[in-house]
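Each chain, letter by letter, is given below.
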Amino acid sequence: MPEPESHNGDPAAHDVHQHAATLKRLEKSSGSLAAQAIARMDETLPWYRAMPPENRSWIGLVAQAGIAAFTEWFRHPDAPQAISTDVFGTAPRELTRAITLRQTVEMVRTTIEVMESAIDEVAAPGDESVLREALLVYAREIAFATAQVYAQAAEARGAWDARLESLVVNAVLSGEADEGAVSRAAALGWNSPEHVCVVLGTAPDGDSELTVEAIRRAARHAKLQVLTGVLGDRLVVVAGGSANPLAVARSLIGPFAAGPVVAGPVVPDLLAATRSAQAAAAGLKACSAWQDAPRPVLADDLLPERAIAGDPSAREQLVEEIYRPLEEAGSALLETLSVYLEQASSLEGAARMLFVHPNTVRYRLRRVTDVTGWSPSDVRSAFTLRIALILGRLADAESQA
């Protein structure tokens, strides 16, 4: 009588009654096969020997489950089987963190090799080729199941990491960064670089995950650490590893949508990054007032617009970093700068009003640049100096009231 045709040409899919003896012998030997597989791992896999007992125990259960799943699969080859659940469902999810994909492949390979070497003993006479081919098919399925388990674990970790990163970025932007945010950042691989700044701009339309990944690629190329996320319509990047915020912004600007991109000042660590983020956010809000602003632009270059827009930190910075140093340097510098600006930046006009030689005015203006870092002869700097003078005088008037 001819042998029945196998399902899809697979010899393992013959009617199970033809292989009842093999199935019975396979069931009896499953325990010893699992023990042999564990012994082989202990002998050939150094990483397995070095693992803590708890993890070795879980791996042993996975090996046993794999052999038991093969037995069940051999019993009902036509039935749909969720191999990943049968085999890997016995181990905790944390095992995918403790054991790499490469190590799992080595574990599976070792177990399959042990089973393959025992085929002649386990198979009933005449069933050796059937059992061997069934094992080859099962090995393929278990390989796919292994890849699926690790892919799902990676997706879950990626989703969790994305949520964690979003929490850190939002804490920095909202001024709520604390030691908890630092700990979460450390879990994401942030190793506390010395220089940190925040870059803000408009997020492009489309998949935010693609935008975040583009920022990460640009950061790797620039050798920067980043924590990034899309919050509403804004793309936020907390970058570490460079003391030059403008260079940081230029290296990361590609994924931003059209429009202004503002870099906050450099701060020493993640806890202080809120100050950089708030400056960048205020600069982004005020950037429309400076239509010729470069892209990217420093938040400190937008101090006058930020002050006019009501940013208290910008007002304080202009007073403390420009007005007060000039005041301490002597009344002549403040008076000369004020008259020079009122005279439309004319050296001769200022000299006439002050009754001094133009060279004296020129000397005092150079001193203004030395003291403040802003040059009165530059139009943009002159505007900043003028706003600083106004705010300083207002501050003085308030203190005397």
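Residue numbers here run from 1 along each chain, matching the order of that chain's written sequence. At least 70 in pLDDT is required for a residue's local features to be given in this predicted model, at least 80 for side-chain atom pairs to be given and counted, and no such filter applies to totals for whole chains, interfaces and linings, which use all residues. Water and hydrogen atoms play no part in the side-chain values, which are based on all heavy atoms of the structure.

Enquirer: Which parts of the structure should I look at to understand the overall build of the protein chain?
Expert: Secondary structure elements are taken from DSSP: a helix is a run of H or I of four residues or more, a strand is a run of E of two residues or more, and numbering for both begins at the N terminus. When helices and strands are counted, the protein chain shows 18 helices and 5 strands. Only protein chains enter the accessibility calculation, which uses a 1.4 Å probe; a residue is then buried when its area is under 20% of its type maximum, exposed when over 50%, and partly exposed in between. A buried classification covers 46% of the 401 residues belonging to the protein chain.

Enquirer: Hey, could you run me through helix α14 (residues 312–328) in this one?
Expert: Helical geometry note: an α-helix holds 3.6 residues per turn, so side chains three or four residues apart project in the same direction. Here α14 is 17 residues long and its end C-alpha atoms lie 22 Å apart, about the 24 Å a rise of 1.5 Å per residue gives. Two axes enter the bend calculation: one fitted to the seven residues ending at the residue in question, the other to the seven starting there, and the bend is the angle between them. Where α14 bends most, at V319, the angle is about 30°. Every buried residue of α14 is listed here: A314, Q317, L318, V319, I322, Y323, R324 and L326. Looking at the packing, one finds that the buried side of α14 touches α13 (303–308), α15 (331–342), α17 (358–372) and α18 (379–400). Positive phi shows up at G330, right after α14, with a value of about 120°. Between the first and last residue of a helix there are one fewer steps than residues, each counted as 1.5 Å, and that sum is the expected span. The contact criterion used throughout is that any non-hydrogen atoms of two residues lie within 4.5 Å.

Enquirer: I keep staring at the packing of α14 against α17 and nothing clicks. Help me out?
Expert: In a pair of packed helices, the angle between the axes and the distance between the axes together describe the arrangement. Relative orientation of the contacting elements α14 and α17 amounts to 130°, with a least axis distance of 9 Å. As the angle between them shows, α14 and α17 are arranged oblique. Where α14 crosses over α17, the two elements pack in a sense that is right-handed. Between α14 and α17, the contacting residues are E321, I322, P325 and L326 on the first element and V368, V371 and T372 on the second. Polar here means any residue other than Ala, Val, Leu, Ile, Met, Phe, Trp, Tyr, Cys and Pro, which are nonpolar, and Asp, Glu, Lys and Arg, which are charged; Gly is therefore polar. For the contact of α14 with α17, a count of residues per class yields 5 nonpolar, 1 polar and 1 charged. Structural elements are reduced to axes, namely lines fitted to C-alpha atoms, with helices fitted over the stretch in contact, and the angle between N-to-C directions of any two is expressed from 0 to 180 degrees. Angles are sorted into four bins: roughly parallel if under 35 degrees, roughly antiparallel if over 145, roughly perpendicular if 65 to 115, and oblique for all others. Rotating anticlockwise by less than a right angle from the far helix to the near helix defines a left-handed crossing, while the corresponding clockwise rotation defines a right-handed one.

Enquirer: What is the right way to read the confidence of the model for the protein chain from this model?
Expert: Regions with low pLDDT should not have their predicted coordinates read in detail. Each residue carries a pLDDT score, the predictor's own confidence in it, on a scale running from 0 to 100. In this model, the protein chain carries a mean pLDDT of 84, and residues with pLDDT of at least 70 account for 86%. Counting interchain partners and residues more than four positions distant, the pLDDT-below-50 stretch residues 1–17 has 24 contacts.

Enquirer: How should a negative patch on the surface be read in this particular structure?
Expert: For patches, a residue must show more than 30% relative accessible area and have no salt bridge; joins then use 9 Å for like charges and 5 Å for nonpolar side chains, namely Val, Leu, Ile, Met, Phe, Trp and Tyr. Note on areas: Shrake-Rupley, 1.4 Å probe, and residue coverage restricted to the protein chains presented here. One side-chain nitrogen of Lys or Arg within 4 Å of one carboxyl oxygen of Asp or Glu is enough to make a salt bridge. Residues counted as positive are Lys and Arg, residues counted as negative are Asp and Glu, and His and the chain ends are not counted. Just so you know, the charge point we use is NZ for Lys, CZ for Arg, CG for Asp and CD for Glu. Judged by side-chain charge, E176, D178, E179 and D269 come together as a negatively charged surface patch. Look at E176 and you get exposed, because its relative accessible area is 55%.

Enquirer: Help me understand unusual backbone geometry, please; the structure alone is not making it clear to me.
Expert: Trans is the prevailing form of peptide bonds, just as negative phi is the prevailing case for residues other than glycine. The omega torsion across R295 and P296 is 0°, close enough to zero to call that bond cis. Within the secondary structure layout, P296 lies in the loop between α12 (273–286) and β5 (297–298). One non-glycine residue, S192, lies in the positive phi region at around 55°. Look at S192 and you get exposed, because its relative accessible area is 53%. Of note in the backbone geometry, A344 takes a positive phi value of approximately 60° without being a glycine. You can see A344 is positioned in the loop between α15 and α16 (347–354).

Enquirer: In this structure, what is going on with the nonpolar core? I would like to understand it.
Expert: Note on soluble globular proteins: their nonpolar side chains tend to be buried together. By size, the foremost hydrophobic cluster in this structure holds 35 residues, and its most contacted members are M41, W47, I59 and F70. Of the residues forming this core, the biggest block, 8 residues, is contributed by helix α3 (residues 53–75). Discounting chain neighbours no more than four positions away, the residues touching F70 are L26, M115, L131, A134, L135 and Y138. Nine residue types can take part in a nonpolar core, namely buried Ala, Val, Leu, Ile, Met, Phe, Trp, Tyr and Cys, and a core is a set of them joined through side-chain atoms within 4.5 Å. Counting residues in hydrophobic clusters, the runner-up holds 29 residues, among them V238, L270, A277 and L302.

Enquirer: Could you clarify how one ought to interpret the side chain of D396 in this entry?
Expert: Secondary-structure assignment places D396 in helix α18. Those residues in contact with D396 that lie beyond four places of it in its chain are Y323, R324 and E327.

Enquirer: Just checking my understanding: could you explain the packing of aromatic side chains for this structure?
Expert: Where two aromatic rings form a pair, the distance of their centres and the angle of their planes describe that pair. Stacked, tilted and edge-to-face pairs are distinguished by plane angle, under 30 degrees for stacked and over 60 for edge-to-face with tilted covering the rest, among Phe, Tyr and Trp rings (Trp via its six-membered ring) whose centres lie within 6.5 Å. Per the stated rule, a full pass over the model turns up 1 aromatic pair. Look at W47 and Y48: their rings are 6.4 Å apart centre to centre, the planes differ by 85°, and that puts the pair in the edge-to-face class. Just as W47 is buried, Y48 falls in that class too. Our definition puts a charge over a ring when NZ of Lys or CZ of Arg is within 6 Å of the ring centre and also within 35 degrees of the ring normal. Its end group placed over the ring of W290, R380 keeps NZ or CZ at 3.5 Å from the ring centre.

Enquirer: For this particular structure, what's the right way to read the packing of helix α1 (residues 20–44) against helix α6 (residues 101–117)?
Expert: Running from amino to carboxyl end, α1 crosses α6 at an angle of 130°, the nearest separation of the two axes being 9 Å. Here α1 lies oblique to α6, going by the angle between them. Crossing angle aside, the handedness with which α1 passes α6 is right-handed. Together, L33, Q36, A37, R40 and M41 of α1 and M107, T110, T111, E113, V114 and S117 of α6 make up the contact between the two elements. Classifying every residue of the contact of α1 with α6 by side-chain character gives 5 nonpolar, 4 polar and 2 charged.

Enquirer: Explanation requested: the pairing of strand β3 (residues 234–240) in the structure shown.
Expert: For a regular strand, side chains alternate in direction, first toward one face of the sheet and then toward the other. A large share of β3 lies buried, amounting to 6 of its 7 residues. Strands were regarded as paired on the criterion that DSSP finds at least two bridges between them. Where strand β1 (residues 196–202) lies against β3, 7 bridges are found, and the strand directions are antiparallel. Counterpart to C197 in the pairing with β3 is A239. Relative to β3, strand β2 (residues 225–231) runs antiparallel, the two sharing 7 bridges. Paired with L227 across the bridge in β3 is V238. Linking β2 to β3, which pair antiparallel, is a turn of 2 residues; within it G232 sits at a positive phi near 65°.

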